[in-house]
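Observations on chain architecture
This is what each chain is made of:
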Amino acid sequence: MYLDDGSVISMFADTELRIKGDINNRMILKQVDLIRGIILVNVANQDSGTFKLVTPSAEVNCKECNFWVISDKMNGDQFIKESGNALLLNTSLNSTKELASDSTIISKESIEFEIIKTPITDIIFLESLMLDADEKILQYKKEELIEESAETITN
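What comes next is a walk through the structure. In this text the structure is predicted, and so the values were computed from the model without any measurement.

1. Concerning the overall build of the protein chain
Scanning the protein chain from N- to C-terminus turns up one helix and nine strands. For the protein chain, the N- to C-terminal ordering of α and β elements is β-β-β-β-β-β-β-β-β-α. A burial count over the protein chain gives 35% of its 155 residues as buried. Carbon together with sulfur atoms contributes 50% to the accessible area of the protein chain, which is approximately 10,400 Å² in total.

Put into structure tokens, the structure is as follows:
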């Protein structure tokens, strides 16, 4: 899904979200409400204001960033940063954290943030979602064989 400012939201199976917009001084201020599911958000540079994503337990604000969100009632909301700077707010505790590289921040209602190193299994799972949806293509490097003569081989 492409937004009017060049931002892109990739939604995956069983995802439900709502997009709201308000016009202020000829600019559309957007808010995306993720009810449940898995999304990849690529926020284009916001000229004025910030992009806002709201989940059941948290809110993300950024001007230009890329991040994943996995949201379900049992495990809470998981945020995985790919690039940029984004600020995460746990709305029930009024607590904030900045999304960090190689980390997953888990937000649950009325519970402090939990920060863990992003498991490789999660990264593989998210990449497989993109491959299945044809949003990412595997590129294999073909190694060229170099013929070596007896003069160029050394021990």
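Following the structure, the description resumes.
2. Comments concerning the nonpolar core
Ranked by size, the top nonpolar core spans 22 residues in total, and within it Ile 39, Phe 51, Leu 53, Phe 67 and Leu 88 carry the most contacts. Elements that contribute at least two residues to this core include exactly strand E3 (27-43), strand E4 (51-54), strand E5 (58-72) and strand E6 (76-90). With six residues, the top contributor of residues to this core is E5. In this structure, Ile 39 is in contact with Ile 9, Ser 10, Met 11, Phe 12, Thr 15, Leu 17, Leu 34, Leu 53, Phe 67, Trp 68 and Val 69, ignoring residues within four places of it in sequence.

3. Brief notes about the pattern of salt bridges
In this structure the tally under the stated criterion is three salt bridges. A salt bridge links Asp 33 to Arg 18; its shortest N-O distance comes to 3.7 Å. Residue Asp 33 is located in strand E3, and its partner Arg 18 is located in strand E2 (residues 16-24); the two are separated by 15 residues in the primary sequence. When the shortest N-O distance is used, the salt bridge between Asp 33 and Lys 20 registers 3.1 Å. With Asp 33 in strand E3 and Lys 20 in strand E2, the pair connects residues that are 13 residues apart, well separated along the chain. Residue Asp 33 is classed as buried on the basis of its relative accessible area of 8%. Exposure remark for Lys 20: the relative accessible area of 40% places this residue in the partly exposed category. Each of Arg 18, Lys 20 and Asp 33 takes part in one network of salt bridges that share partners.

4. A few points about the state of the cysteines
This model, assessed by the stated rule, comprises one disulfide. The disulfide partner of Cys 62 is Cys 65, and the S-S distance across this bridge is 2.0 Å. The sign of the -55° torsion about the S-S bond sets the Cys 62-Cys 65 disulfide as left-handed. Like Cys 65, Cys 62 is buried.

5. Observations concerning the side chain of Asp 77
On the secondary structure map, Asp 77 appears in strand E6. For the buried Asp 77, no salt bridge exists, and the shortest N-O distance to an oppositely charged side chain is 10 Å, to Lys 108. A polar contact of 2.7 Å, which involves the side chain of Asp 77, links it to the side chain of Ser 57. Look past the residues within four positions of Asp 77 in its chain and what remains in contact with it is Thr 55, Pro 56, Ser 57, Ala 58, Ile 70, Ser 71, Asp 72, Ile 105, Ile 106 and Ser 107.

Rules of the game
- Residues numbered from 1 in each chain as written.
- Predicted model: local features only at pLDDT ≥ 70, side-chain atom pairs only at ≥ 80, totals over all residues.
- Heavy atoms only, no water.
- Helix = DSSP H or I, 4+ residues; strand = E, 2+ residues; numbered from the N terminus.
- Buried < 20%, exposed > 50% of the residue type's maximum accessible area, 1.4 Å probe, protein only.
- Areas by Shrake-Rupley, 256 points an atom, 1.4 Å probe, with all protein chains shown as cover.
- Core = buried A, V, L, I, M, F, W, Y, C linked by side-chain atoms within 4.5 Å.
- Contact = heavy atoms within 4.5 Å.
- Salt bridge = Lys/Arg side-chain N within 4 Å of Asp/Glu carboxyl O.
- Disulfide = S-S within 2.5 Å.
- Lys, Arg positive; Asp, Glu negative; His and termini not counted.
- Polar contact = N/O pair within 3.5 Å; in protein donor to acceptor, adjacent residues only side chain to side chain.

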